[in-house]
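Examination of the molecular architecture
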Amino acid sequence: MAIVEFLSMAQSGAFDAAEATRAYIAAMPADQAAQTANYHEGQIWLIPIGAAVSLVIYWLLLQTGFSKGLRNKLEGTMPKWLAVFPYVFVFILVTSILVLPFEYYVSFVREHAYGLATQTTGEWALDWVKGLGVGSLIGTVAFGLLFLLIKAFKRTWWILGTVASAAFIYAMMSLSPIYIDPMFNDYTPLEEGELRDNILGMAAAESIPVDDVVVYTSSDQSNRITANVAGIGGSIRIALGDTMIEQAELDEIRYVMAHEMGHYTLGHTTRGIIFLTSMAFAGFVFVHFGFGWANRRFGSKWDIRDIGDIAGIPLFLAVLTVFSTLLTPIQYNYIRIGEVEADEYGLGVSREPDGMATSALRLSTYRELEPEPWEEFLFRHHPSGSSRIRMAMEWKAEQLAAGATDQTTELQLERARSVFAEEPDPVDEAEAAN
Ligand SMILES: [Zn+2]
């Protein structure tokens, strides 16, 4: 008798992770899941399409004689080494303008069509101009210096270029949160209260050296919920978007911020610098050998002397574009591995499996909830909503089985459904922004 009683007790108290996962996934209406899948799959197709657009632009600059003409003009009026900088500057301006229609479609028209953007055309244009200003300045200096290395060391530039890239990546990661990000959004300290206490409390418990949390106006550009952590070594900045504060509840934000802290604690910034530098190294080696081949094969009209000739910059970038596009799945896998690690950490620190589940549903308003496993493996840089919900529910089942007293078998299904009931109307959104 005693054994039978014990079994039935265990059964009634058991938490079925698979069933809970299905219940959360079912909270997203099928038509909205299909719309997000459409949006997200289109985003992936835009990667090779964008690469093709760039290749056409580079080809035009070479084939029409624009590139060699600009070189002849500049090198006729100044030393060859100095001509690198105005060439790069003009090149960035011209290519940015040529790619503008495509960029406008991708980051404005399409975002509005899916109800994700909040900007008016004027606000979008202002951001574009600011981006071009910063990009052309940094690009001219950074790429100009790299090109001087190429000119001076035609056989070994890819080694020195890799070292220079590491320094550049480190500088950008350290400086952009301070100098560039505030150009596009306002950053203010999070007001004192329960939310701030929760975030700083988790950080203190994990010995993360942070004494402030900042809020940025993510609503300036879109209604997506976002957060990020910036910092290398002893300095860290935890930031959350105002869209997150507006839309998400405390347990959801606790999980998201614990996930962000995970990126810091697990050393993802340093690892990211190493990964990006390795990618730069591989890309440079590919260009070093691919450049000469492509020039001999297609370049009869281009008049490119060698890899140290500025007239060949469009070809240099074309070969690099082919390389980085082909390696997209490797980059995505690298990012996704870090995201899964940060999820595990975030779950353990926040102890909010239902906050994780419903925030995964909120993210599924722009990321496909249930992609095919091969799609997730090759073409997703974050775990899908369904993978995250499954992780959260399996964690919850383990905790309950281990007798955790802060976990219950309850699910936040009402909130999960409300995520999709409150979907903003794209037309109203555009009007409100005007
Ligand atoms: Zn993350």
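Model, not experiment: these values are computed from the prediction.

Okay, the overall build of the protein chain next. Along the backbone of the protein chain there are 19 helices and four strands. Split into buried and exposed, the 434 residues of the protein chain put 32% on the buried side. The long-range fraction of contacts in the protein chain, counting pairs at least 24 apart against all pairs at least 6 apart in sequence, stands at 78%.

Here we take up the packing of helix α12 (residues 268-298) against helix α13 (residues 313-326). Taken N-terminus to C-terminus, the directions of α12 and α13 make an angle of 125°; their axes are 9 Å apart at the nearest point. Considering the angle they form, α12 stands oblique to α13. Crossing of α12 over α13 shows right-handed handedness. In this structure, α12 contributes Gly-283, Phe-286, Val-287, Gly-290, Phe-291, Ala-294 and Asn-295 to the contact, and α13 contributes Leu-315, Phe-316, Val-319, Leu-320, Phe-323 and Ser-324. Per-class residue counts for the contact of α12 with α13 are nine nonpolar, four polar and no charged.

The next subject is the sheet that holds strand β4 (residues 237-241). Spatially, β1-β2-β4-β3 is the arrangement adopted by the four strands of the open sheet, whose pairing is mixed. The sheet terminates laterally at β1 (187-189) and β3 (227-230), the two strands that pair on one side only. Direction aside, neighbouring strands of the sheet carry axes that sit 30° apart on average. Across four bridges, the pairing between strand β2 (residues 213-216) and β4 is parallel. Residue pairing for β4: Tyr-216 is matched across the bridge by Gly-241.

The end-to-end C-alpha distance of helix α3 (residues 30-63) is 49 Å, a good match for the 50 Å that 34 residues give at a rise of 1.5 Å each. Burial in α3 covers these residues: Thr-36, His-40, Ser-54, Ile-57, Tyr-58, Leu-61 and Leu-62. Tucked inside the fold, the buried residues of α3 contact α4 (66-77), α5 (80-98) and α13. Taken from the residues just after α3, Gly-65 is the one with a positive phi, measuring 85°.

Running from amino to carboxyl end, α4 crosses α5 at an angle of 135°, the nearest separation of the two axes being 9 Å. Classified by the angle between their axes, α4 and α5 sit oblique to one another. α4 and α5 meet at a crossing whose hand is right-handed. Every residue of α5 that contacts α4 at Leu-70, Arg-71, Leu-74 and Glu-75 is listed here: Lys-80, Ala-83, Pro-86, Tyr-87 and Val-90. Considered class by class, the residues forming the contact of α4 with α5 number six nonpolar, no polar and three charged.

Before going further, it helps to spend a moment on the environment of Trp-374. Examined against the element boundaries, Trp-374 turns out to sit in helix α16 (residues 373-379). Considering only alpha carbons, one finds Trp-374 and Trp-128, 246 residues apart in sequence, at a separation of 35 Å.

A few words on unusual backbone geometry. Backbone geometry at Ser-207 places phi at a positive 55°, although glycine is not the residue there. By secondary structure assignment, the location of Ser-207 is in the loop between α9 (194-205) and β2.

Attention now goes to the environment of Gly-348. Within the secondary structure, Gly-348 sits in helix α14 (residues 328-350). For the pair Gly-348 and Tyr-255, spaced 93 residues apart in sequence, the C-alpha separation works out to 9.1 Å.

The element β4 is largely enclosed, with a buried count of four among its five residues. Direction of pairing for β3 relative to β4: antiparallel, over a ladder of four bridges. Within β4, the residue paired with Val-229 across the bridge is Ile-238.

With 16 residues, helix α11 (residues 250-265) extends 22 Å between its outermost C-alpha atoms, agreeing within 8% with the 22 Å of an ideal straight helix rising 1.5 Å per residue. The buried fraction of α11 amounts to 14 of the 16 residues, a majority that puts the element mostly inside the structure. Looking one or two places after α11, you find Gly-267, whose phi comes out positive at around 70°.

Another point: the confidence of the model for the protein chain. Chain-level statistics for the protein chain give a pLDDT mean of 91 and a share of 93% at 70 or above. Considering only residues more than four positions removed or in separate chains, one finds that residues 1-12, a stretch of pLDDT under 50, has zero contacts. Within the model, the stretch residues 425-434 combines pLDDT values under 50 with eleven contacts to residues more than four positions away or in other chains.

In this structure, Tyr-24, Leu-240, Met-257, Met-261, Ala-357 and Leu-361 are the most contacted members of the largest nonpolar core, which totals 46 residues. Looking at this core, the element that brings in the most residues is α11, giving seven residues. Leave out the neighbours within four places in its chain, and Leu-240 touches Val-213, Val-215, Ala-227, Ile-245, Ile-253 and Met-257. One finds Tyr-58, Phe-91, Ile-313 and Val-319 within the second-largest nonpolar core, a separate group that totals 29 residues.

The rules behind the values
- Residues numbered from 1 in each chain as written.
- Predicted model: local features only at pLDDT ≥ 70, side-chain atom pairs only at ≥ 80, totals over all residues.
- Helix = DSSP H or I, 4+ residues; strand = E, 2+ residues; numbered from the N terminus.
- Buried ≥ 20, exposed ≤ 12 C-beta atoms within 10 Å, placed from the backbone.
- Contact = placed C-beta atoms within 7 Å.
- Axes fitted to C-alpha atoms, helices over the stretch in contact; angles between N-to-C directions.
- Parallel < 35°, antiparallel > 145°, perpendicular 65-115°, else oblique.
- Left-handed = near helix turned anticlockwise from the far one by under 90°.
- Nonpolar A, V, L, I, M, F, W, Y, C, P; charged D, E, K, R; others polar.
- Pairing = 2+ DSSP bridges.
- Expected span 1.5 Å × (residues − 1).
- pLDDT = per-residue confidence, 0-100.
- Core = buried A, V, L, I, M, F, W, Y, C linked by C-beta atoms within 7 Å.

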